[in-house]
Amino acid sequence: MNNAVEVAETTLIKHSAAIHISNSLTLIQRKLFNVLLQRAYPTLLSEETHALPLAELKAQLGYRSKNDEPIKEGFRVLNSTQVEWNVLNKDREERWGIGTCLADAEIIGGLCEYSYSPKMRKLLGSPAVYARLNLEVQNTFRSKHALALWEFLEDALGARRREAGGEAGGQARGGEAAGARAAGACGEGEGGGQRKGKGGEEEKAEEQEDNDDNGTAKHGVRNCQRWVRKLGYRVR
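Along each chain, residue indices are assigned from 1 in the same order as the chain's sequence is written. Reporting of local features is limited, given that this is a predicted model, to residues whose pLDDT is at least 70; pairs of side-chain atoms are given and counted only at 80 or more, and all residues count toward the totals for whole chains, interfaces and linings. As a convention, hydrogens and water are excluded, and side-chain values are obtained from all of the structure's heavy atoms.

(A) Examining helix α2 (residues 27–40) more closely. Under the DSSP-based scheme used, a helix requires at least four consecutive residues in state H or I and a strand at least two consecutive residues in state E, with every element numbered from the N terminus. Take the residue count of a helix, subtract one, and multiply by 1.5 Å to get its expected span. Compared with an ideal rise of 1.5 Å per residue, which puts 14 residues at 20 Å, α2 spans 20 Å between its outermost C-alpha atoms and is within 8% of the ideal. Along α2, 13 of the 14 residues are buried, which leaves the element largely enclosed by surrounding structure. We call a residue buried when its accessible area falls under 20% of the maximum for its residue type, exposed when it is over 50%, and partly exposed in between, using a 1.4 Å probe and counting protein chains only.

Structure representation (structure tokens):
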């Protein structure tokens, strides 16, 4: 049965298993996974191959550099990054599995083509547990830690909303905004903020981000603890 969730144009329905993958992905690689999945989602269960122009992909990523190597490296990494799931079927039998974020990818004359394995298509195309992510929000993050934390928080908030009886419009939007503020505080300091660099500055920002991992993580833990307490209180 097709359990695909209807979504807005900038919304990604992301299976919880795909959120809890290794945070070794860089900022642009995690964003790439999200953009590709959001683009494929409407036809994920019916079509094997998906495509979008490279220029459009870069625009959705907020990537302005003429150097396409980070995009290609992103495809390489997603082809080897594992997604593991452990869910219950309708008959309450445990279903465990493992796959990779992408089965293959190819860039032909400025067009990006990519596909998912049959099992990944089934998992990602009709998720029972998921987070609803606004991709306009993801481009405001400057740190891979902040983006990952935002996804984790949205996943937790979404689970609470479903337990409480559904995602009411105002409540969902409020949770999304709160999750974004929390992730900004966790990963980037109190102000959060939007990436303002262009071209090579974006690549340097990612290099600096990796160099600053330890300090960011320590600062982020303290802020996250405070924000999670606030969010936990608000959504009850």
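Continuing now.
(B) Region of the structure containing the packing of α2 against helix α3 (residues 54–61). Where α2 contacts α3, the two axes come as close as 10 Å, and the packing angle between them is 120°. Compared by their axis directions, α2 and α3 come out oblique. For the pair α2 and α3, the crossing hand works out as right-handed. On α3, the residues that touch I28, K31, L32, V35, L36, Q38 and R39 of α2 are E56, L57, Q60 and L61. Polar here means any residue other than Ala, Val, Leu, Ile, Met, Phe, Trp, Tyr, Cys and Pro, which are nonpolar, and Asp, Glu, Lys and Arg, which are charged; Gly is therefore polar. Looking at side-chain class alone, the contact of α2 with α3 contains six nonpolar, two polar and three charged residues. Throughout, an axis means a line fitted to C-alpha atoms (over the contacting stretch in the case of helices), and angles, computed between N-to-C directions, take values from 0 to 180 degrees. Here is the rule for angles: anything less than 35 degrees is roughly parallel, anything more than 145 is roughly antiparallel, 65 through 115 is roughly perpendicular, and the remaining ranges are oblique. Two helices cross in a left-handed way if the nearer one is turned anticlockwise from the farther one by less than a right angle. They cross in a right-handed way if the turn is clockwise. Should any heavy atoms of two residues lie within 4.5 Å, those residues are considered in contact.

(C) Just the nonpolar core, in detail. Throughout this description, the term nonpolar core refers to a set of buried Ala, Val, Leu, Ile, Met, Phe, Trp, Tyr and Cys residues connected via side-chain atoms within 4.5 Å. L36, L57 and Y116 are the most contacted members of the largest nonpolar core, which totals 43 residues. Looking at this core, the element that brings in the most residues is α2, giving eight residues. Not counting chain neighbours up to four residues away, the residues in contact with L57 comprise L32, V35, L36, L52, I71, F75 and C112.

(D) The pattern of salt bridges, seen in detail. Every case where a carboxyl oxygen of Asp or Glu lies within 4 Å of a side-chain nitrogen of Lys or Arg is listed as a salt bridge. For the structure on display, the rule yields six salt bridges. R39 is paired through a salt bridge with E56; the nearest N and O atoms lie 2.5 Å apart. One end of the pair, R39, is in helix α2; the other, E56, is in helix α3, and 17 residues separate them in sequence. What makes R39 partly exposed here is its relative accessible area of 32%. By relative accessible area, which is 33% here, E56 ends up partly exposed.

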